[in-house]
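# A look at the structure
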Amino acid sequence: MSIALHLPAQPAYASIARNLAATIAARCELTYDRVEDARLAIDEAFNQVVSNAPDNAEVVCTFVEEIGAMEFMVQSRTDLKDLLPTDTFSWTVLSALADEVHTTNVDGVLSVIARVEEPQNAAA
Amino acid sequence: MSTPERDQTIADHVGLVYHVARRYQSHSDYEDLVQAGLEGLIYAVDHFDPHAGTGLSTYAVPSIRGSMQHYLRDKSSSVRIPGKLQEIASQVSKAVDELTQQGGCAPTIPAIAAHLNIQEDDVLHAMEANIARTTVSASEDNSPLANLASLDTSIDDFENSQAIQQALGTLPIVDQQAVKLRFFANKSQTEIAHELGISQMQVSRILARALRELRPLLRDI
């Protein structure tokens, strides 16, 4: 089952996404380290998506929980014609925080999708 | 360096602090800024490598300036955390470190809550409050210097590595270390805490603060 959060595409709302991410990560039984990683990762993804969103756009954060792992998607309409660049400091940060991360830009909707999991899950 | 030698070296270079502080002379917090600068000087004296090819003055000035700028940033953006929440945050911090030592890996949030006999929500609130805090404690700034040379090499892989190095240079040295270890050496927060001799909650706080400060500097990089 997934959980969705709709927010204005403004950086000030990142804290709400962060808190929900931490709560869901805790429900997924992630360890302290990984909960903090999830919190920082969604903050980074949220800021990347928002910085490419038009005025008055909405961001949708969708979370999928499972034991030992959490996936999230941050999505908004975008002014960007291409994919988010992945040779940036911000993407390096996101890649270090999440076990899997990718971005799509389909029909003017930009998405960042990431998965944070415990090491034993990653190895399985 | 013996203690008398160290004290003498600090005394010999204290003029640098006042030199850097000159631009803040009209500032109402001038005395506190000088104090922050002195802490930067002491840090530089304690971590100066005479074989690195630069003089102590050259090494100390960025550290002094960084301490002063950091003091001003903290002052303008510090968030007041209710006393009760601070107390819980302190207990959570201790519990995380104890449970990590006992179990060999970081604990889950339910495990921390059970250990402290509090609600999981209280643990999460304490974690968020920890990140909202911006003040650097003495123990954070007194951490040992990690070997950063190899990490700088991995940053060099970036086309804009110079801009990244410059942006990192605006952070206190311990923040630079934490950022490099987490995002370029891919170390976990537990490993970074162990390596820098600080708590895991301090690492979380440092990383959140560093990313917040780097974001506007590295927006297009």
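Our structure's up above, just so we're on the same page.
Residues numbered from 1 in each chain as written. Chains lettered and ligands numbered in written order. Predicted model: local features only at pLDDT ≥ 70, side-chain atom pairs only at ≥ 80, totals over all residues. Heavy atoms only, no water.

### Some remarks on the side chain of Ser 93 of chain B
All names here are of chain B. Structurally, Ser 93 is set in helix α4 (residues 83-103). For Ser 93, a relative accessible area of 14% corresponds to the buried category. Those residues in contact with Ser 93, other than ones at most four positions away along the chain, are Ser 199 and Met 201. (Helix = DSSP H or I, 4+ residues; strand = E, 2+ residues; numbered from the N terminus. Buried < 20%, exposed > 50% of the residue type's maximum accessible area, 1.4 Å probe, protein only. Contact = heavy atoms within 4.5 Å.)

### Points about the pattern of salt bridges
Enumeration according to the criterion identifies 17 salt bridges over all chains in this entry. Between Glu 128 of chain B and Arg 39 of chain A there is a salt bridge, with its nearest N and O atoms 2.5 Å apart. Of the two residues, Glu 128 of chain B sits in helix α6 (residues 120-132) while Arg 39 of chain A sits in helix α2 (residues 32-50), which places them in two different chains. For the pair Glu 128 of chain B and Arg 39 of chain A, a shared accessibility class is recorded, and that class is buried. With its nearest N and O atoms 2.6 Å apart, the salt bridge here joins Glu 117 of chain A to Arg 115 of chain A. Classification of Glu 117 of chain A as buried rests on a relative accessible area of 6%. (Salt bridge = Lys/Arg side-chain N within 4 Å of Asp/Glu carboxyl O.)

### Considering the packing of aromatic side chains
What the rule picks out here adds up to two aromatic pairs over all chains. With 6.1 Å between their ring centres and 35 degrees between their planes, Phe 89 of chain A and Phe 184 of chain B make a pair best called tilted. In this pair, Phe 89 of chain A sits in helix α3 (residues 89-97) while Phe 184 of chain B sits in helix α10 (residues 173-184), so the two residues belong to two different chains. Each member of the pair, Phe 89 of chain A as well as Phe 184 of chain B, carries the same accessibility label: buried. When the ring of Phe 48 of chain B is compared with that of Tyr 59 of chain B, the centres are 5.8 Å apart and the planes differ by 50 degrees; the resulting orientation is tilted. On the criterion of sequence distance, the pair formed by Phe 48 of chain B in the loop between α2 (30-47) and α3 (56-77) and Tyr 59 of chain B in helix α3 is long-range, its members being eleven residues apart. Under the relative-accessibility criterion, Phe 48 of chain B is labelled partly exposed at 21%. (Phe/Tyr/Trp six-rings, centres within 6.5 Å; stacked < 30°, edge-to-face > 60°.)

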